[in-house]
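Given next are the chains, with one letter for each unit.
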Amino acid sequence: ARGGAAESNVFTRVLLALFAILSWRSVPVMPVEIMLLPRWFPFHLDKVSYWSRTLIAPLVILMALKPRAKNPRGVGVEELFVTPPAAERHYISNPTGSAWGSFFLAIDRALRAIEPYLSRRRRKRAIERAVAFISERLNGEDGLGAILPAIANSVMVLETLGYPKDHPDLMIAKRAVSNLLVENREVAYCQPCVSPLWDTALACHALMEAGNADARVRRALDWIVDRQILDVVGDWANMRPNLRPGGWPFEYRNDYYPDVDDTAVIVCALHRADPGRYRQAIARGTEWVLGMQSRNGGWASFDADNTHYYLNNIPFADHGALLDPPTADLTARCISMLAQQGYDRSHPVMARALAFLRREQESDGSWFGRWGTNYIYGTWSALVALNAAGEDMSSPHVRRAVDWLKARQQADGGWGESCASYWPERRAEPVASTPSQTAWALLGLTAAGETSSEAVARGIDHLSAAPRAGAKWDEELYNAVGFPRVFYLRYHGYSAYFPLWALARYRNLLRQNDRRVAWGM
């Protein structure tokens, strides 16, 4: 009814082409020669997100060489097609339906016609450039970009290029895949990535909120500080060449791609725990975050001013996440970090960031959540940031956000939001209350001065009574997003530290009888 496997996205069709289930004509043209384009050209790797460039660099080699995947058992998926794959003709389409999309479709047809006649010498040089990009960023056993698609593509490329099995690059790339595998007696799966720095920092926040800033938190924060990136100039420097490194990654290691979100959360935790002990780490992290602010006042995850929106119209970008533009949740986290350190609302960086945040508010009062599901996550992030920055929490835009959160509370007192909310027409689709989303809503409402409200009391009652195993609440639904409408995540730790954080924050605010949250986060 939905068109079968013919409607799968570009990355799936590339894999099907590698297995010769589909023709390579079913995949948009992405010539490896793009590796040789100058930076001023409308398309360049610097103009797309970090996850796109680490995926594209190996992928264009595979698309140029068109290897055949090993499949000794001859396993196929032809039954997933409505009509036989060879008969399908409508794979490549305009991803946005816009005039730009039609323009890029015409370019795709032109490239398809001329690709067989491209210079072999130039193609060889382009492949060498792509291999050099990959080799420089292999990132040890954490892998290229520290994300599965890029890591898997790097393994396939090195094998396709004939690297011997004992070659260090191939061995380390394969180890990076193995490190993402989770296997036990009943289930085996491959994680898309790991999140130890993010999870550890958030867990420290929850413990400190609960009054447990003991030796264990210090050990965790010392471990985090040791992983600050101080001597590797990553891809972010293409837009900020004079900025010193100082951020942290999401994973154990990802030196070329520190994350603004992680860095802001980590700096807040370090500053809250012991600003003297962690003075140097805080200063370098803050310096890096300040330098990563985009021209529009917001922050993105890994790059600054990654806003070449026309590129989302190329046929290759049918997943809709080719870019890394500034978002409300990231910007809110950076505002919180700066406010906690005493940056005033009149500071130019803060003023531009707060203006961006106000512009990004949805018409119904909520904020979009790029990295957590979804408007509850974004609205929590924004309200906490506005509170930390000293915003008047009785302002109309704040009250509209409060009203939106209260209207989304469910009959059981909790909050839940479907991953389908990333489709505009499905924003109100019901889903069961989850501990994570209930905690976010409570943290947002208490930041807005609603600690004594009926909505907060009902939410606290819901969390207190919700099923849990020891200190970890039961949560099966997905609570985060990789690419909206394409790829979702479930953080297993969220249902441990976010409910604890919300309950402790509620207790602390009742004790101090103050509308202002003491800490930026």
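Remember, predicted model here, so these are calculated numbers, not experimental data.

Rules used in this analysis
- Residues numbered from 1 in each chain as written.
- Predicted model: local features only at pLDDT ≥ 70, side-chain atom pairs only at ≥ 80, totals over all residues.
- Heavy atoms only, no water.
- Helix = DSSP H or I, 4+ residues; strand = E, 2+ residues; numbered from the N terminus.
- Rg over C-alpha atoms; globule rule 2.2 N^0.38 Å.
- Buried < 20%, exposed > 50% of the residue type's maximum accessible area, 1.4 Å probe, protein only.
- Contact = heavy atoms within 4.5 Å.
- Areas by Shrake-Rupley, 256 points an atom, 1.4 Å probe, with all protein chains shown as cover.
- Lys, Arg positive; Asp, Glu negative; His and termini not counted.
- Charge placed at Lys NZ, Arg CZ, Asp CG, Glu CD.
- Expected span 1.5 Å × (residues − 1).
- Patch = residues over 30% accessible without salt bridge, like charges linked within 9 Å, V, L, I, M, F, W, Y side chains within 5 Å.
- Salt bridge = Lys/Arg side-chain N within 4 Å of Asp/Glu carboxyl O.
- Core = buried A, V, L, I, M, F, W, Y, C linked by side-chain atoms within 4.5 Å.
- Phe/Tyr/Trp six-rings, centres within 6.5 Å; stacked < 30°, edge-to-face > 60°.
- Lys NZ or Arg CZ within 6 Å of the ring centre and 35° of its normal.
- Disulfide = S-S within 2.5 Å.
- Polar contact = N/O pair within 3.5 Å; in protein donor to acceptor, adjacent residues only side chain to side chain.
- Arc of directions from axis to C-beta.

1. Observations concerning the overall build of the protein chain
Here is step 1: Check the secondary structure of the protein chain and you find 17 helices and six strands.
Here is step 2: Here the C-alpha atoms of the protein chain give a radius of gyration of 24 Å, agreeing with the 24 Å that 2.2 N^0.38 yields for 521 residues.
Here is step 3: By its C-alpha atoms, the protein chain is 75 × 50 × 50 Å across when sized along the principal axes.
Here is step 4: Across the 521 residues of the protein chain, 56% fall into the buried class.
Here is step 5: Sequence-distant contacts in the protein chain: of pairs separated by 6 or more residues, those separated by 24 or more amount to 69%.
Here is step 6: Accessible surface computed for the protein chain: about 22,900 Å², of which carbon and sulfur atoms make up 54%.
Here is step 7: In the protein chain, 59 side chains carry a positive charge and 54 a negative one; their mean positions are 4 Å apart.

2. Re helix α10 (residues 279-291)
Here is step 1: Between its first and last C-alpha, α10 extends 18 Å over 13 residues, near the 18 Å set by a 1.5 Å rise per residue.
Here is step 2: Of the residues making up α10, those classed as buried are Ala281, Ile282, Arg284, Gly285, Thr286, Trp288, Val289 and Gly291.
Here is step 3: On its buried face, α10 sits against α8 (215-225), α9 (260-273) and α11 (328-340).

3. Examining unusual backbone geometry
Here is step 1: Although it is not a glycine, Lys66 adopts a positive phi angle of roughly 50 degrees.
Here is step 2: Even without a glycine there, the phi angle at Asn139 is positive, about 65 degrees.
Here is step 3: Structurally, Asn139 can be placed in the loop between α4 (120-136) and α5 (148-160).
Here is step 4: The exposure class assigned to Asn139 is buried, which follows from its relative accessible area of 11%.

4. Considering a nonpolar patch on the surface
Here is step 1: On the surface, a cluster of nonpolar side chains totalling about 300 Å² of accessible area is made up of Trp100, Phe103 and Ile107.
Here is step 2: Of note, Trp100 is situated in helix α3 (residues 99-114).
Here is step 3: For Trp100, a relative accessible area of 46% puts it in the partly exposed group.

5. Structural notes on the nonpolar core
Here is step 1: Phe43, Trp299, Ile314, Phe316, Leu322, Leu357 and Phe498 are the most contacted members of the largest nonpolar core, which has 141 residues in total.
Here is step 2: Sort the elements by how many residues they give to this core and helix α2 (residues 50-65) lands first, with eleven residues.
Here is step 3: Within the second largest apolar cluster, five residues are counted, among which are Ala5, Ile21, Leu22 and Phe81.

6. Observations regarding the environment of Tyr278
Here is step 1: Within the secondary structure, Tyr278 is located in the loop between α9 and α10.
Here is step 2: Separated by eleven residues in the primary sequence, Tyr278 and Val267 place their C-alpha atoms 9.0 Å from one another.
Here is step 3: Aside from chain neighbours lying at most four places away, what touches Tyr278 is Arg218, Leu221, Asp222, Val225, Leu270 and Ala273.

7. Some thoughts on the packing of aromatic side chains
Here is step 1: Across all of its chains, the model carries 31 aromatic pairs by this definition.
Here is step 2: An angle of 40 degrees between the planes, with centres 5.9 Å apart, marks the rings of Trp51 and Phe483 as tilted. Taken together, the positions of Trp51 in helix α2 and Phe483 in strand β5 (residues 480-483) put the pair 432 residues apart, joining distant regions of the chain. An identical accessibility class is assigned to Trp51 and Phe483; each is buried.
Here is step 3: For the pair Tyr494 and Tyr497, a centre-to-centre distance of 5.9 Å together with 65 degrees between the ring planes defines the contact as edge-to-face. One end of the pair, Tyr494, and the other, Tyr497, are both in helix α17 (residues 494-512), three residues apart, so they sit about a helical turn from each other.
Here is step 4: When its relative accessible area of 0% is taken as the criterion, Tyr494 is described as buried.
Here is step 5: Site record: aromatic cluster; members linked through ring pairs are Phe250, Tyr377, Trp380, Trp440, Tyr491, Tyr494, Tyr497, Phe498 and Trp501.
Here is step 6: Note that Arg137 overlies the ring of Phe133, its terminal NZ or CZ placed 3.8 Å from the centroid.

8. Remarks on the state of the cysteines
Here is step 1: Inspection of every chain in the model, using the stated rule, returns zero disulfides.
Here is step 2: With no disulfide of its own, Cys204 lies closest to Cys268 among cysteine sulfurs, the gap being 13 Å.

9. Thoughts on the side chain of Arg505
Here is step 1: Along the polypeptide, Arg505 turns up in helix α17.
Here is step 2: Side-chain polar atoms of Arg505 contact the backbone oxygen of Met521, separated by 3.4 Å.

10. Side note on α4
Here is step 1: In this model, α4 (17 residues) spans 24 Å end to end at C-alpha, consistent with the 24 Å of a helix rising 1.5 Å per residue.
Here is step 2: By the burial criterion, the buried members of α4 are Arg123, Ala126, Ile127, Ala130, Val131, Phe133 and Ile134. Around the axis of α4, the buried residues are gathered within 155 degrees of arc, so they sit on the same side. Relative to its buried face, α4 has exposed residues pointing more than 90 degrees away, namely Arg121 and Lys124.

11. Examining the pattern of salt bridges
Here is step 1: What the rule picks out here adds up to 29 salt bridges.
Here is step 2: Note that Asp261 is salt-bridged to Arg333, the shortest N-O span being 2.9 Å. In this pair, Asp261 is assigned in helix α9 and Arg333 in helix α11, connecting sequence segments 72 residues apart. In terms of burial, Asp261 and Arg333 fall into one category: buried.

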